[in-house]
Amino acid sequence: MSNDILQQLTEILEARKNNAGAETSYVASLHQKGLNKILEKVGEECTETILAAKDAQASGDNTDLIYETADLWFHSLVMLSHLGTDADAVLKELARRFNVSGHDEKAARTQE
């Protein structure tokens, strides 16, 4: 299910990036405003996700956390699209790391 949704969203994001007008598409308007605006949105959504996680811990209710995480993922996908890549590249990287110790993976990055 998750991969299907990511694939569908990737296709929609690319279509709006390439074919929609900024006046009718939020995604197109972000692309038109450029990378700095997209990064601003990613940062904003990251902060909101962190705050929602703290609230969820206190309340035991994850509703806002899920909502804010969806916003963060969405804007991260827009960022990836703007830079010419997509969720599939991230999924492949996660798959590459599967069954690799996090400590080992991090150590390998610091040696490069």
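Residues numbered from 1 in each chain as written. Predicted model: local features only at pLDDT ≥ 70, side-chain atom pairs only at ≥ 80, totals over all residues. Heavy atoms only, no water.

As annotated in an unreviewed UniProt entry, the chain carries the name Phosphoribosyl-ATP pyrophosphatase and comes from Cellvibrio fibrivorans. Entered under Catalytic activity (unreviewed entry) in the UniProt record, the comment concerning the chain runs "1-(5-phospho-beta-D-ribosyl)-ATP + H2O = 1-(5-phospho-beta-D-ribosyl)-5'-AMP + diphosphate + H(+)". Reading the Sequence similarities (unreviewed entry) entry of the UniProt record for the chain gives the comment "Belongs to the PRA-PH family." (UniProt positions renumbered as here; feature names shortened; annotations may be inferred.)

### Description of the overall build of the chain
Each helix and strand counted, the chain has 6 helices and 0 strands in total. Going from the N terminus to the C terminus, the chain shows its helices and strands as α-α-α-α-α-α. Along the longest, intermediate and shortest principal axes, the C-alpha atoms of the chain span 45 × 40 × 30 Å. Split into buried and exposed, the 112 residues of the chain put 23% on the buried side. Contacts spanning at least 24 positions in sequence make up 54% of the contacts within the chain whose residues lie at least 6 apart. If you sum the accessible surface of the chain, you get close to 8000 Å²; carbon and sulfur atoms cover 54% of it. Across the chain, the 11 positively charged side chains and the 19 negatively charged ones have centroids separated by 5 Å. (Helix = DSSP H or I, 4+ residues; strand = E, 2+ residues; numbered from the N terminus. Buried < 20%, exposed > 50% of the residue type's maximum accessible area, 1.4 Å probe, protein only. Contact = heavy atoms within 4.5 Å. Areas by Shrake-Rupley, 256 points an atom, 1.4 Å probe, with all protein chains shown as cover. Lys, Arg positive; Asp, Glu negative; His and termini not counted. Charge placed at Lys NZ, Arg CZ, Asp CG, Glu CD.)

### A word on the environment of M79
Locating M79 in the fold gives a position in helix α4 (residues 63-82). Between the C-alpha atom of M79 and that of V42, which follows or precedes it by 37 residues, the distance is 7.9 Å. Discounting chain neighbours no more than four positions away, the residues touching M79 are L35, I38, L39 and V42.

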